[in-house]
Amino acid sequence: LCPQVPELEKATVRIQQPERVRGIIRSLREQGAAKLQVVSDFDRTLSRFGCNGRRCPTSHNILDTSRVVSEDGRKKLKDLLHHYYPIEIDPNRTLEEKCPLMVEWWTRAHELLVQQKIRKDDIAQIVRESEAMLRDGFKEFFDQLHKNNVPLFIFSAGVGDVLEEIIRQASVFYSNVNVVSNYMDFDDDGVLTHFKGPLIHTYNKNNTVLQGMGYFQQLSTRTNIILLGDSMGDLTMADGIPSVENILKIGFLNDKVEERRGKYLEAYDIVLESDETLDVVNGILRYILTE
């Protein structure tokens, strides 16, 4: 496909339109670092989906299963997951059907977390004790972007306080990283009282929740985008970018691979099936960013 990016030959890679992908990658290289920005999801995209046959926790899971949540709270949060997660990934349901149900799920989960009186001071320790894992190759990914001054915008329906802590503890929270997510609000005693709005769930990661932020407007010269996601909802993350010349959409297909493959191949330029690494992304970045 692209001899300069040998990672694209990996067995986990699927591409429906190789010619098109080759063209985009070539354009990204020709126009270089100055025109590039990366827009990425976090949970199960920058973080791992699984390890040794076990699921890795998302930023919500890390809180849900931590010692600061009561036994009863944990059970209720798990019940919500078992009820709503199959809906979230069901390829046969429409977005219109899913959206209100996602709002319902996130709202109920956040209410349960607020009842736990979580303390701000506990978050670093909760993350330290968790099984959170970033994908293999994360350090090269963050380092390459930082070194070349390429902005990384992390757009997450997870818990911002937790995912920022994960990145911080991995020592890759650089100045070029910006996060938009669901953030907790604490009172003067450092106790969680509510989540700040607007609520971000899997299927509203678009311009509607970015209003008035002006992030993409400040980067108006960066018209080349690499978008990384693991769900259909992630495809709209770059909608707020005023003008896009080239966009390369890379999708991690982590779960229910067979039944969702078709939809992913139509929607994403490059689909990575059950691939727990950032090898392909790093290979492409290396090619684009190397003089």
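Quantities reported herein were computed from a predicted structural model and do not represent experimental measurements.

Enquirer: Can you help me understand the packing of helix H3 (residues 71-89) against helix H4 (residues 95-115) in this one?
Expert: If you want to describe how two helices pack, look at the angle between their axes and the distance between the axes. The interhelical angle for the contact between H3 and H4, taken along N-to-C directions, is 160 degrees, at an axis separation of 10 Å. Here H3 is positioned roughly antiparallel relative to H4, judged by the angle of their axes. The crossing of H3 and H4 is left-handed. Of the residues in H4, those in contact with Lys 76, Leu 77, Leu 80, Leu 81, Tyr 84, Tyr 85, Ile 87, Glu 88 and Ile 89 of H3 are Lys 98, Leu 101, Met 102, Glu 104, Trp 105, Trp 106, Arg 108, Ala 109, Leu 112 and Leu 113. Across the contact of H3 with H4, the residue classes tally to 14 nonpolar, no polar and five charged.

Enquirer: Please explain the environment of Phe 155 as it appears in this structure.
Expert: You can see Phe 155 is positioned in strand S5 (residues 152-159). For the pair Phe 155 and Asp 41, spaced 114 residues apart in the sequence, the C-alpha separation amounts to 5.2 Å. Excluding residues that lie within four positions of it along the chain, Phe 155 makes contacts with Ser 40, Asp 41, Phe 42, Val 180, Ile 200, Lys 205, Asn 206, Val 209, Leu 210 and Met 237.

Enquirer: Just to check I follow, could you spell out the packing of aromatic side chains for this structure?
Expert: Two descriptors summarise a pair of aromatic rings, namely the distance from one centre to the other and the angle between the planes of the rings. For the structure shown, the criterion picks out eight aromatic pairs. A ring pair is formed by Phe 153 and Phe 155, whose centres lie 5.6 Å apart and whose planes are at 65 degrees; its orientation type is edge-to-face. We classify Phe 155 as buried; its relative accessible area is 0%. Here Phe 153 and Tyr 215 contribute two aromatic rings whose centre-to-centre distance is 4.5 Å and whose plane-to-plane angle is 25 degrees, an arrangement assigned as stacked. You can see Phe 153 sitting in strand S5 and its partner Tyr 215 sitting in helix H8 (residues 215-218), a full 62 residues away along the chain. The residues Phe 153 and Tyr 215 share a single accessibility class, namely buried. Here the aromatic residues Phe 153, Phe 155, Tyr 215 and Phe 216 are joined through ring pairs into a cluster of three or more. Over the face of the ring belonging to Phe 252 we find Arg 135, whose NZ or CZ atom lies 3.9 Å from the ring centre.

Enquirer: Whenever I open this one, the domain arrangement of the chain confuses me. Can you help?
Expert: By convention, interface size is frequently given as the accessible area that disappears when the constituent parts associate. Each assigned domain of the chain is listed here: domain 1 (6-51 + 133-289) and domain 2 (54-129). Centre-to-centre, using C-alpha coordinates, domain 1 lies 21 Å away from domain 2. At the junction of the two partners, domain 1 supplies 36 residues and domain 2 supplies 31 residues. Our count for the contact surface shared by domain 1 and domain 2 stands at one salt bridge. As a salt-bridge pair, Arg 55 and Asp 255 come within 3.1 Å of each other at their nearest N and O atoms. Across the domain 1-domain 2 interface, the total number found is 16 residue pairs in polar contact (both at pLDDT 80 or more). Contributing elements (two or more residues each) for the side of domain 1 that touches domain 2: strand S3 (50-51), S5, helix H7 (160-169), strand S7 (184-186), strand S8 (192-195) and helix H9 (257-267).

What counts and how
- Residues numbered from 1 in each chain as written.
- Predicted model: local features only at pLDDT ≥ 70, side-chain atom pairs only at ≥ 80, totals over all residues.
- Heavy atoms only, no water.
- Axes fitted to C-alpha atoms, helices over the stretch in contact; angles between N-to-C directions.
- Helix = DSSP H or I, 4+ residues; strand = E, 2+ residues; numbered from the N terminus.
- Parallel < 35°, antiparallel > 145°, perpendicular 65-115°, else oblique.
- Left-handed = near helix turned anticlockwise from the far one by under 90°.
- Contact = heavy atoms within 4.5 Å.
- Nonpolar A, V, L, I, M, F, W, Y, C, P; charged D, E, K, R; others polar.
- Phe/Tyr/Trp six-rings, centres within 6.5 Å; stacked < 30°, edge-to-face > 60°.
- Buried < 20%, exposed > 50% of the residue type's maximum accessible area, 1.4 Å probe, protein only.
- Lys NZ or Arg CZ within 6 Å of the ring centre and 35° of its normal.
- Domains from an automatic or database assignment.
- Salt bridge = Lys/Arg side-chain N within 4 Å of Asp/Glu carboxyl O.
- Polar contact = N/O pair within 3.5 Å; in protein donor to acceptor, adjacent residues only side chain to side chain.

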